[in-house]
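# Tertiary structure, described
This is what each chain is made of:
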Amino acid sequence: MLDQGTASPATEPPAPKASGLSVLMRRKPVDVLVDEGGKGEGGTLRRTLSMWQLTMISIGATLGTGIFVVLGDSVPKAGPAVTVSFVIAGLTALFSALSYAELAGSIPVAGSSYSYTYATMGELLAWVCGWAMVLEYGVSVAAVAVGWGEYLNKLLEGTIGVTIPATLSSAPGEGGVINLPGLVVVLLAMIMLLGGARESARLNTIMVFVKAAALLLFCAIGFTGFQSGNYADFMPLGVGGIGAAASVLFFSYIGFDAASTAGEEAKNPQRDLPRALMLSLVVVTAFYVLVAAVAVGAWKWTKFETATAPLTSIVNDVSGTTLWGTLLAAGAVISIASVVLTVLYGQTRVLFAMSRDGLMPKVFAKVNTRTGTPRRNTVIVSLFCGALASVIPLGELVNATSIGTLFAFGLVNIAVIVLRRTRPDLKRSFRVPLGWLFPILGFLACAASMSQFQSPTWVVFLGWMAAGLVFYFLYGMRRSRLATAEK
């Protein structure tokens, strides 16, 4: 439901000086979060993004990797029922998207779920959420970059008849020395982002149209090879297989919240952010279900297990020529690059917000006065993500990204409930319908999806969280701006 108005001018009473365990529960007032919008070290972010550009950022960050890359990993888990897995993953994302839309319209800031948690549940949980988002965005960039290299090889093979050797295009654990394409695409995205948010958004819009055209091309050609017999054994691995695939496919929906990280660069964030989030999720889900249905209809599900760049392989098989597959690979190269660009953007803005709050080093909040962007932040994050993409296998990156995202989404659903109780006076440009029902369902859906991951993924996640807590207690807790304001 859409409400008129923006954040209420009513202010929260100043919090008493925190002590003991209350230090960990200190909240940053909503009014302060909004007033600080755009302000960094030495400069300010520029409000240049329209609703159209915000929607394209969200679609650009979401549509691509899940269908071009992760589809090949998920079909062997669910069989033809992978289409149901996409719907389940989409519903999980939808519940959280509703909560994101309400919070983005109320607290339009760069920190996304980190800032929402800071305003509702306190500093410690905000740090944990932000640290999970570093895992979500940073590792997601690396995972997407790895998938980009697979389609780049398909494109090179179809155009000039050569491919990048495995030693230079695969991680050490997969028989290579370094994944050079993964590193290259991250560095290219870095260069684009350094030019400015508006310029990057314009380029991303072009890339979104290219990826949409590529997926429609696949559907048109793939449908000519559609065989209903491929759906005869619809659930070969049972309900458990559908759930397992849905957990993997949730990776496909990571990024729709990237628009919420643009809250301090949007022209009219209270109005435009909720609309951009919801519209992008509808578009992405429609594409995913359509492409998955055509892919499984054109290829027997057992063939996906050994396929790389499956959509290109399907088009080549159906058409009997490599021409269409080469065109699709070109579209995929551009499409996946746009995911790297927009998710990398989201990562830099989350770190910008955390740094401004004193929980991360000041370098991440420094803004270049000429471009209005956090340039040093962008370079540091890009080098880190590029290093991950060059040495870590895709499967491990996907699982680590998904569990971190589910954790952050779960907190966002809780934040909606808490903020309604603590700030009922706050005007909201969008409200999740049916009271607390959808936020509760969103939290439960995230928890259920997290339970599907195996112990190695949990070990990585808990180890990452433990490292984050050490950093917080040694650095962030004492350097927090809330802490320094109390002295």
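To be clear, the structure that these remarks concern was listed above.
Our subject in this report is the structure included herewith. (Residues numbered from 1 in each chain as written. Predicted model: local features only at pLDDT ≥ 70, side-chain atom pairs only at ≥ 80, totals over all residues. Heavy atoms only, no water.)

## Some thoughts on helix H2 (residues 51-62)
- Relative to the 16 Å expected for 12 residues at 1.5 Å per residue, H2 spans 17 Å between its end C-alpha atoms, a close match to the ideal helical length.
- In terms of residue burial, H2 counts as a mostly covered element, since 10 of its 12 residues are buried.
- Positioned one or two residues after H2, Gly64 has a phi angle of 150°, which is positive. (Helix = DSSP H or I, 4+ residues; strand = E, 2+ residues; numbered from the N terminus. Expected span 1.5 Å × (residues − 1). Buried < 20%, exposed > 50% of the residue type's maximum accessible area, 1.4 Å probe, protein only.)

## Topic: a nonpolar patch on the surface
- A contiguous nonpolar surface patch, about 630 Å² in accessible area, is contributed by Leu434, Trp436, Leu437, Ile440, Leu441, Phe443 and Leu444.
- Structurally, Leu444 can be placed in helix H16 (residues 437-450). (Patch = residues over 30% accessible without salt bridge, like charges linked within 9 Å, V, L, I, M, F, W, Y side chains within 5 Å. Areas by Shrake-Rupley, 256 points an atom, 1.4 Å probe, with all protein chains shown as cover. Salt bridge = Lys/Arg side-chain N within 4 Å of Asp/Glu carboxyl O.)

## A few points about the state of the cysteines
- Under the defined criterion, the tally for this structure stands at zero disulfides.
- Cysteine Cys129 is unpaired, with the sulfur of Cys446 as its nearest cysteine sulfur at 11 Å.
- You can call Cys129 buried: its relative accessible area is 0%. (Disulfide = S-S within 2.5 Å.)

## Concerning the nonpolar core
- By size, the foremost hydrophobic cluster in this structure holds 147 residues, and its most contacted members are Phe68, Leu71, Phe86, Tyr151, Phe218 and Leu311.
- Among the elements that make up this core, the one with the highest residue count is helix H6 (residues 123-159) (21 residues).
- Formed by five residues, the second largest nonpolar core is a distinct cluster that contains Leu45, Ala110, Phe352 and Val367. (Core = buried A, V, L, I, M, F, W, Y, C linked by side-chain atoms within 4.5 Å.)

## Thoughts on the pattern of salt bridges
- Under the definition given, this model contains three salt bridges.
- The partner of Asp272 in a salt bridge is Arg271, with the nearest N and O atoms 2.7 Å apart.
- A relative accessible area of 41% places Arg271 in the partly exposed class.
- The residue Lys303 makes a salt bridge to Asp317 at a minimum N-O spacing of 3.5 Å.

## A word on the packing of aromatic side chains
- On inspection of all chains with the given rule, the structure shows 19 aromatic pairs.
- The interplanar angle of 70° and the centroid separation of 6.2 Å between the aromatic rings of Tyr100 and Tyr116 together place this pair among those described as edge-to-face. Of the two residues, Tyr100 is situated in helix H4 (residues 82-106) and Tyr116 in helix H5 (residues 113-120); the sequence distance between them amounts to 16 residues. Accessibility classification places Tyr100 together with Tyr116 in one group, the buried group.
- Through successive ring pairs, a cluster of aromatic residues spans Trp127, Trp131, Trp464, Phe471, Tyr472, Phe473 and Tyr475. (Phe/Tyr/Trp six-rings, centres within 6.5 Å; stacked < 30°, edge-to-face > 60°.)

## What about helix H12 (residues 310-319)?
- Buried within H12 are the following residues: Pro310, Leu311, Thr312, Ser313, Ile314 and Val315.
- Phi turns positive one or two residues past the end of H12, at Gly320, with a value near 75°.

## Looking at a positive patch on the surface
- On the surface, Arg46, Arg198, Arg202, Lys267 and Arg370 cluster together into a positively charged patch.
- On the secondary structure map, Arg202 appears in helix H9 (residues 197-223). (Lys, Arg positive; Asp, Glu negative; His and termini not counted. Charge placed at Lys NZ, Arg CZ, Asp CG, Glu CD.)

## As for the packing of H9 against helix H13 (residues 323-356)
- The interhelical angle for the contact between H9 and H13, taken along N-to-C directions, is 145°, at an axis separation of 8 Å. Where H9 crosses over H13, the two elements pack in a sense that is left-handed.
- Its residues assigned to classes, the contact of H9 with H13 comprises 15 nonpolar, six polar and two charged. (Axes fitted to C-alpha atoms, helices over the stretch in contact; angles between N-to-C directions. Left-handed = near helix turned anticlockwise from the far one by under 90°. Nonpolar A, V, L, I, M, F, W, Y, C, P; charged D, E, K, R; others polar.)

## Some details on the environment of Cys385
- Its location among the elements puts Cys385 in helix H14 (residues 375-391).
- Classification of Cys385 by relative accessible area gives buried; the value is 0%.
- Residues Cys385 and Gly138, spaced 247 residues apart in sequence, show a C-alpha to C-alpha distance of 5.8 Å.
- Discounting chain neighbours no more than four positions away, the residues touching Cys385 are Gly138, Val141, Ala142, Val186 and Leu344. (Contact = heavy atoms within 4.5 Å.)

## Considerations on empty space enclosed by the protein
- The full count for this structure, using the stated rule, is two cavities of 30 Å³ or more.
- What the largest cavity holds in volume is close to 70 Å³.
- Forming the boundary of the largest cavity are Leu49, Ile57, Leu193, Ala197, Ser200, Ala201, Asn204, Leu341, Thr342 and Tyr345.
- At four residues, the largest contribution of residues to the lining of the largest cavity is made by H9. (1 Å grid on protein atoms, 1.4 Å probe; cavity = no way out; pocket = protein on both sides within 12 Å on 5 of 7 lines; lining within 4 Å. Points joined across faces, edges and corners; volume = space filled by probe spheres on them.)

Honestly, that's just the spatial picture; any functional story needs more than this.
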